Amino acid sequence: MQTLNRFLYGPTAEERVRAWQGKLRQEQRTLDREMRQLDAVTNKARQTVKQLANKGDIKSARILAREVVRSNRQKDRLSVSKARLGSIATQLMQQMAMAKVTGSLQKSTEIMKLSNALIKLPQISQVMREMSMEMTKAGILEEMMDDTLEMEDDEEIEEEADAEVDKVLFDLTNGKLGQAASVETELPSLQDKVDEEETERAMEQYRQQLNGLLSG
């Protein structure tokens, strides 16, 4: 009889909710994995910023620090998004409890708001679109998703990058901020050139890795 009902009427409210919760947990694991990757690459990039600042290459340090700032912002977004996925899961638990009493799922403005925010995140956008369509059919959502993407303020990132490098310089020079930037010009030795080339390769590698993670 249960199989016949599923064939005639589709999954029950409880089955739908459990399927959505499974997807939500899977997306939370995806975001966890991405945050760990961001941490690993960002920590290495931060070390390179310190090396560049120590050598007095402030221009290159600021360029890479910009990527560090962007990655920190991205990690914050991922962390907030993970919390939103958890909030949807909690709301669905409440929906399932109510469905046992009323016999159906109810419209939820809270799930709508959370879904609208999550659909903007490239890493989980497609899954959230599909889940939102399913929830709309189930009667939980009733509006189209908002496709507006949040844009970063380049000027604000620039300011944060400057602050990041200034902090590194402050630490490296024991509080004498300008010291690292006013290193005397000397003829570079062969070893200096080798070190500089290695640093440039490392800087480019971290920039590419960070950009790959930030682009989702």
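Source: prediction; values computed, not measured.

K.L.:
Help me out: how do you make sense of the pattern of salt bridges in this one?
P.N.:
Here the idea is simple: oppositely charged side chains can pair when their charged atoms come close. Under the counting rule described, the total for this entry stands at six salt bridges. Ionic pairing is found between Arg-18 and Glu-14, a salt bridge with its closest N-O pair at 3.1 Å. Residue Arg-18 and its partner Glu-14 are located together in helix H2 (residues 13–54), separated by four residues, close to a single helical turn. On the basis of relative accessible area, Glu-14 is assigned to the partly exposed category, the value being 32%. As a salt-bridge pair, Lys-75 and Asp-39 come within 2.9 Å of each other at their nearest N and O atoms. Note that Lys-75 is positioned in helix H3 (residues 58–102) and Asp-39 in helix H2, a separation of 36 residues in sequence. Judged by relative accessible area, Asp-39 falls into the partly exposed class, the value being 30%.

K.L.:
Would you mind showing me how to read the side chain of Ser-132 here?
P.N.:
Turning to its location among the elements, Ser-132 is positioned in helix H5 (residues 125–137). Given the relative accessible area of 5%, Ser-132 is considered buried. There is a polar contact of 2.7 Å between the side chain of Ser-132 and the backbone oxygen of Met-128.

The rules behind these values
- Residues numbered from 1 in each chain as written.
- Predicted model: local features only at pLDDT ≥ 70, side-chain atom pairs only at ≥ 80, totals over all residues.
- Heavy atoms only, no water.
- Salt bridge = Lys/Arg side-chain N within 4 Å of Asp/Glu carboxyl O.
- Helix = DSSP H or I, 4+ residues; strand = E, 2+ residues; numbered from the N terminus.
- Buried < 20%, exposed > 50% of the residue type's maximum accessible area, 1.4 Å probe, protein only.
- Polar contact = N/O pair within 3.5 Å; in protein donor to acceptor, adjacent residues only side chain to side chain.

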